[in-house]
Amino acid sequence: MAAMANEIIDRRRLRRKLTFWRIATLLVAAVAIIAASLRIFGDDVAGVTSDHIAKIRIEGTIVEDEELLERLRKIGESDDVQGVIIAVDSPGGTVTGGESIYEAIREIAEKKPVVTQVGTLAASAGYMIATASDHIVARQSSIVGSIGVLVQFPEFTGLMEKIGVGLEEIKSSPLKAEPSPFNKTTEEEREMIRAVIMDSYNWFVDLVAERRPLDRTQVLAVADGSIFTGRQAVKKKLVDELGGEEISRNWLESKGIETELDIIEWKKKRDVAFFGPVEVSSPLGRLLGLSEGDQDLLERTGLERIFLDGLVSVWHPK
């Protein structure tokens, strides 16, 4: 009798376990289907069909970002968007990344008023992007500026000598693949890189002179890589006003944008695959009330700047 009773208890436990896992599987499947449906049928501002002010955030290290450029294109083409707030909080990044975003914002500004709201930081390529708008607002303690371009590369020759490693190479000409981390940089190589840097620097200076109420001489006086607080930047005409989002809205209203319009953020879509473990974990985590970082580890720590290629316009304190 005891053995039969134990068998019955075990069967009941097994049924409960099976029921739990069946329900859990159905929940995960439901979340995956809902998330995938949002990805397929949703939009950057799903459900918004009325006039509004679009807000878009440009944060972290700047690189060429096709998804961001597509969002900017949609904002420019949307009849529902009456004005745009560009919220910049970036130390800069690649010059080409800043250039592509700058051009996309200028295309929007040809159709509707655009204002930049600087957060903690708009330096280097971040400031380049800010100049694309028709008005720049910053906090008193925001960091602005660092107008300039640089190329950085490591030099491993000392380490190679210590560990007894050498490098042999055969190339078509002395400047091919230079500068290299595997040999000392020659003056000829430095001159080549310096010429590239100065060409992009002059382009950056001309861009600021075109977009700000400054002539080229005045821009050169502040384009030595220096950074400024928002208060200093207003005096140097790198920023137009001090304040937050309300000041940005006031400027848009001065350009004819209706006072009662809502500010709606156009956010990045999340790529969701059917039943993918990584993609499902995000909505499932939110469903269960778990915290979620808005960027991956490299972005949170700033280590992604180490891997930037090409010309860089970035401010990063030591």
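Computed from a prediction, not measured in an experiment: that's the story for all the values here. (Residues numbered from 1 in each chain as written. Predicted model: local features only at pLDDT ≥ 70, side-chain atom pairs only at ≥ 80, totals over all residues. Heavy atoms only, no water.)

Engineer: An account of the overall build of the chain is needed here, citing residue identities and associated values.
Structural biologist: Broken down by element type, the chain carries 11 helices and 10 strands. Across the chain, contacts joining residues at least 24 apart in sequence account for 76% of those joining residues at least 6 apart. When the accessible surface of the chain is totalled, it reaches about 18,900 Å², and 55% of it is carbon and sulfur. (Helix = DSSP H or I, 4+ residues; strand = E, 2+ residues; numbered from the N terminus. Contact = heavy atoms within 4.5 Å. Areas by Shrake-Rupley, 256 points an atom, 1.4 Å probe, with all protein chains shown as cover.)

Engineer: Break down the packing of aromatic side chains for me, with residues and values.
Structural biologist: Per the counting criterion, the structure on display carries one aromatic pair. A ring pair is formed by Phe156 and Phe182, whose centres lie 6.2 Å apart and whose planes are at 55°; its orientation type is tilted. Here Phe156, found in the loop between β6 (143–145) and α5 (157–163), pairs with Phe182, found in the loop between α5 and α6 (187–211); they are 26 residues apart in sequence, far enough to count as distant. Accessibility expressed as a relative area gives 40% for Phe182, which makes it partly exposed. (Phe/Tyr/Trp six-rings, centres within 6.5 Å; stacked < 30°, edge-to-face > 60°. Buried < 20%, exposed > 50% of the residue type's maximum accessible area, 1.4 Å probe, protein only.)

Engineer: Any chance you could break down the packing of helix α2 (residues 66–77) against helix α3 (residues 95–109) for me, citing the residues and the numbers?
Structural biologist: Following both chains from N to C, one finds α2 and α3 inclined at 10°, their axes separated by 9 Å at the closest point. Between α2 and α3, the angle falls in the class roughly parallel. Where α2 abuts α3, its residues Leu68, Leu69, Leu72, Ile75 and Gly76 lie against Ser100, Ile101, Ala104, Ile105 and Ile108. Looking at side-chain class alone, the contact of α2 with α3 contains eight nonpolar, two polar and no charged residues. (Axes fitted to C-alpha atoms, helices over the stretch in contact; angles between N-to-C directions. Parallel < 35°, antiparallel > 145°, perpendicular 65-115°, else oblique. Nonpolar A, V, L, I, M, F, W, Y, C, P; charged D, E, K, R; others polar.)

Engineer: Tell me about a negative patch on the surface, residues and numbers included.
Structural biologist: On the surface, a cluster of negative charge is made up of Asp51, Asp79, Glu258 and Glu260. One can find Glu260 in the loop between α9 (245–254) and β9 (263–265). (Patch = residues over 30% accessible without salt bridge, like charges linked within 9 Å, V, L, I, M, F, W, Y side chains within 5 Å. Salt bridge = Lys/Arg side-chain N within 4 Å of Asp/Glu carboxyl O. Lys, Arg positive; Asp, Glu negative; His and termini not counted. Charge placed at Lys NZ, Arg CZ, Asp CG, Glu CD.)

Engineer: Report on the side chain of Ser78, specifying residues and quantitative values.
Structural biologist: By the secondary structure assignment, Ser78 is in the loop between α2 and β2 (81–90). Judged by its relative accessible area of 14%, Ser78 falls in the buried class. Residues within four places of Ser78 in sequence aside, it is in contact with Lys112 and Trp266.

Engineer: Go over unusual backbone geometry, please, and point to the residues and values.
Structural biologist: Here the residue pair Glu178 and Pro179 is connected by a cis peptide bond, since its omega of 0° sits within 30 degrees of zero. Assignment of secondary structure puts Pro179 in the loop between α5 and α6. Phi is positive for Ala177, close to 60°, though the residue is something other than glycine. Residue Ala177 is classed as exposed on the basis of its relative accessible area, which comes to 60%. Residue Lys237 is not a glycine yet carries a positive backbone phi of 65°. Note on placement: Lys237 falls in the loop between α8 (230–235) and β8 (241–242).

Engineer: Now, about the environment of Asp199: what can you tell me, with residues and values included?
Structural biologist: Among the structural elements, Asp199 can be located in helix α6. Separated by 50 residues in the primary sequence, Asp199 and Val149 place their C-alpha atoms 9.5 Å from one another.

Engineer: Give a detailed account of the environment of Leu159, specifying residues and quantitative values.
Structural biologist: Relative to the elements of secondary structure, Leu159 occurs in helix α5. Using a relative accessible area of 52% as the deciding quantity, one classes Leu159 as exposed. The spacing of Leu159 and Phe182 is 23 residues in sequence and 9.7 Å in space, taken between C-alpha atoms.

Engineer: Quick one: what's the story with a nonpolar patch on the surface, residue by residue and with numbers?
Structural biologist: A contiguous nonpolar patch, built from Phe156, Leu159, Ile163, Val165, Leu167 and Phe182 and spanning about 560 Å² of accessible area, is present on the exposed surface. Residue position: Val165 is located in the loop between α5 and α6. With a relative accessible area of 45%, Val165 lands in the partly exposed category.

Engineer: Describe in detail the nonpolar core, supporting the description with residues and values.
Structural biologist: A general tendency of soluble globular proteins is for nonpolar side chains to be buried together. Leu72, Ile86, Ile101 and Ile105 are the most contacted members of the largest nonpolar core, which has 50 residues in total. No other element matches the eight residues that α6 contributes to this core. With residues up to four places along the chain from it excluded, the contact list for Ile101 reads Ile58, Ile62, Val63, Leu68, Leu69, Leu72 and Ile129. The next biggest cluster of nonpolar side chains, apart from the first, holds eight residues, and it includes Ile85, Val115, Leu252 and Ile257. (Core = buried A, V, L, I, M, F, W, Y, C linked by side-chain atoms within 4.5 Å.)

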